[in-house]
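Below, each chain spelled out in residue letters.
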Amino acid sequence: MFIAGMAMIAVSTTSCSQKVDAEPTLKEAFKDDFLMGIAINADQASGRDSIGNAIAAKHFNSIVAENVMKCEKIHPQENEYFWDDADAFVKFGEENGMFIIGHCLVWHSQCAPWFLVNENGEEVDAETLKQRMRDHIYTIVGRYKGRVKGWDVVNEAIMEDGSYRDSGFYRILGEEFIPLAFQYAHEADPDAELYYNDYSMNEPAKRDAIIKMVNGMKQRGLRVDGIGMQGHMGIDYPDLGDFEKSIVAFADSTGCNVMITEWDMSSLPTVTQSANVSDTVAARESLNPYVDGLPADAAKAWNDRMAQVMDMFVKHSDKISRVTVWGMSDGDSWRNDWPVVGRTDYPLLFDRNHEMKPFLGKYLENVNKQ
């Protein structure tokens, strides 16, 4: 049941529009705490998804590119860039006065197939990869210089045990590929904020490795403004105490802002705690129990846990500068069909009818009391 006063955004009639305008917004509710961000797709940025477009403009003051700036999309061939969707994304953010985040410059997944290999399909040498990284980062960051305010420079480079991921970037350049990426991004736009972004940030070994890596770059004089803690969660993971320890440790040990990125919470039985999109398992009915909707007890459990998490974010708002949700509505989420094809999930702040989830009600009520 949807709580009173938080009806679905509607744009078809004047009376509905007036009602929407009168409702409190998420960005108002958390204006004294942190930016409220959302990842949007090409249809939402362009307005083809008019409802998603309207919700983003109404409720959020920061946006991140969900897919349109990833290497395979924006740089599909060595001498070819595709700008249309990224341009529309940036334009939407500017028109709505948003803090715009580019995602992401260096990532082993969704990397264009040509990027790491030569004409024979063999991994390129170190100098070639350095030049390709530099050209890629200079071109993209340079195009949006002064417009995109922050960049996820490197994404998901550290494993849960604290070791470096065995990606093509690491095999060719070793640990140095990360400082190089930050160096190139800063050279391309000296005023842009630069972030490192990763998942499973509650893991102590991973936490310690990232702190060491970030401090090492800062000691070399490189700019690192923020650490993005991906918030891909489940109904039984991560341990919120461990997650909270990481919030505090990242802020206190590095001096960086902490940003909660890619926040969603699966309501389904846990298959894997990994957020690596390449993971798949055989489909089983027991792992897809809510095809026709989330029953009341499961919805309550989800809302109760999400409220706990949001309360934790607010508690540490002196350290957290942004909370970004990874998708608009449940139907848009990458967590559908993952890691089991055909799974139907309910992980986001807005449901498939674009109605806001109840756990946020108390925060919006506070806006009305102000």
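The structure displayed is predicted, hence computed values, not measured ones. (Residues numbered from 1 in each chain as written. Predicted model: local features only at pLDDT ≥ 70, side-chain atom pairs only at ≥ 80, totals over all residues. Heavy atoms only, no water.)

1. What to know about helix α9 (residues 177-188)
Heads up, the rule is: Under the scheme used here, helices are H or I runs from DSSP no shorter than 4 residues and strands are E runs no shorter than 2 residues, and both carry numbers assigned from the N terminus. Expected helix span is taken as 1.5 Å per residue step, with the number of steps being one fewer than the number of residues. Accessible area is worked out with a 1.4 Å probe on protein chains only. A residue is then buried under 20% of its type maximum, exposed over 50%, and partly exposed in between. We call two residues in contact whenever any of their non-hydrogen atoms come within 4.5 Å of each other.
In this model, α9 (12 residues) spans 16 Å end to end at C-alpha, consistent with the 16 Å of a helix rising 1.5 Å per residue. Buried within α9 we find Phe177, Ile178, Pro179, Leu180, Ala181, Phe182, Tyr184, Ala185 and Ala188. For α9, the elements touching its buried residues are β3 (99-107), α7 (126-143), β4 (150-155), α8 (168-173), β5 (193-198) and α10 (204-219).

2. Describing the pairing of strand β8 (residues 320-325)
Regular strands have side chains that alternate between both faces of the sheet. The condition is simple: The pairing criterion is simple: DSSP has to find at least two bridges between the two strands.
Burial analysis of β8 places five of its six residues in the buried class, the great majority of the element. By the bridge criterion, four bridges tie strand β1 (residues 35-40) to β8 in an arrangement that is parallel. Paired with isoleucine 38 across the two strands is valine 325, which belongs to β8.

3. Focus: the sheet that holds β8
Definition in use: To get an axis, a line is fitted to the C-alpha atoms, and for a helix only the part in contact is used. The angle between two axes follows their N-to-C directions and goes from 0 to 180 degrees.
With parallel pairing, eight strands are arranged side by side around a closed barrel as β1-β2-β3-β4-β5-β6-β7-β8. Neighbour-to-neighbour, the strand axes of this sheet turn through a mean angle of 25°, independent of strand direction. Sheet analysis places strand β7 (residues 257-265) next to β8, joined by four bridges and oriented parallel. The residue of β8 that forms the bridge with tryptophan 263 is valine 325. Where α9 meets the sheet, its contacts fall on β3, β4 and β5, and the angle it forms with β4 comes to roughly 160°. Its contacts with the sheet put helix α11 (residues 240-254) on β6 (226-233), β7 and β8, and the angle it makes with β6 is roughly 175°.

4. Overview of helix α4 (residues 50-59)
With respect to burial, α4 is a largely interior element, seven of its 10 residues being buried. Listed in full, the buried residues belonging to α4 are Gly52, Asn53, Ala54, Ile55, Ala56, Lys58 and His59.

5. Concerning the side chain of glutamate 66
Quick note on the threshold: All tallies of charge rest on Lys and Arg as positive and Asp and Glu as negative; His and the ends of each chain are not included. Salt bridge, as applied in this entry: a Lys or Arg side-chain nitrogen positioned within 4 Å of an Asp or Glu carboxyl oxygen.
In this fold, glutamate 66 is placed in the loop between β2 (62-65) and α5 (71-74). For the buried glutamate 66, no salt bridge exists, and the shortest N-O distance to an oppositely charged side chain is 6.7 Å, to lysine 70.

6. A closer look at the environment of glutamate 66
A relative accessible area of 9% means that glutamate 66 is categorised as buried. Taking the C-alpha atoms as reference, glutamate 66 lies 8.8 Å from isoleucine 38; in sequence the two are 28 residues apart. Glutamate 66 has contacts with Ala39, Ile40, Asn41, His103 and Trp326, leaving out every residue within four places of it along the chain.

7. A word on the nonpolar core
Keep this limit in mind: The criterion is simple. A nonpolar core is a set of buried Ala, Val, Leu, Ile, Met, Phe, Trp, Tyr and Cys residues joined through side-chain atoms within 4.5 Å.
Met69, Trp151, Trp263 and Phe313 are the most contacted members of the largest nonpolar core, which has 102 residues in total. Counting residues per element, this core draws most heavily on α9, which supplies eight residues. Other than its neighbours up to four places away in sequence, tryptophan 151 contacts Met69, Gly102, His103, Leu105, Ile140, Val141, Tyr144, Ala192, Glu193, Leu194 and Tyr195. By size, the runner-up hydrophobic cluster in this structure holds eight residues, among which are Ala39, Val64, Ile101 and Trp338.

8. A few points about the packing of α11 against helix α12 (residues 296-315)
For any two helices packed against each other, the geometry comes down to the angle between their axes and how far apart the axes lie. What counts is decided by this rule: Just so you know how the angles are binned, under 35 degrees is roughly parallel, over 145 roughly antiparallel, 65 to 115 roughly perpendicular, and the rest oblique. Handedness of a crossing is defined here by the sense of rotation of the near helix relative to the far one, left-handed for an anticlockwise turn of less than a right angle and right-handed for a clockwise turn. Each residue receives one of three labels: charged for Asp, Glu, Lys and Arg, nonpolar for Ala, Val, Leu, Ile, Met, Phe, Trp, Tyr, Cys and Pro, and polar for the others, Gly being one of them.
Viewed as axis vectors pointing N to C, α11 and α12 meet at an angle of 20°, and their least axial separation amounts to 11 Å. As far as their axial angle goes, α12 and α11 are roughly parallel. For the element pair α11 and α12, the recorded crossing hand is right-handed. In contact with Leu240, Phe243, Glu244 and Ile247 of α11, α12 contributes Arg305, Gln308, Val309, Met312, Phe313 and Lys315. Considered class by class, the residues forming the contact of α11 with α12 number six nonpolar, one polar and three charged.

9. Here we look at the packing of aromatic side chains
The description of two aromatic rings rests on the distance between their centres and on the angle between their planes. Using the following cut-off: Any Phe, Tyr or Trp ring, taking Trp's six-membered ring, that has another such ring centre within 6.5 Å forms a pair; planes under 30 degrees apart are called stacked, those over 60 apart edge-to-face, and the others tilted. Note on geometry: a ring has a charge over it if NZ (lysine) or CZ (arginine) is within 6 Å of the ring centre and within 35 degrees of the ring normal.
In this structure the tally under the stated criterion is 12 aromatic pairs. Pairing tyrosine 81 with tryptophan 83 gives two aromatic rings, centres 5.1 Å apart and planes at 5°, and the pair type is stacked. Take tryptophan 83: its relative accessible area is 16%, and that puts it in the buried class. Every member of this aromatic cluster is reached through a ring pair, and the members are Trp114, Phe115, Phe169 and Phe177. In this structure, arginine 134 packs its charged tip against the face of tyrosine 138, placed 4.0 Å from the ring centre.

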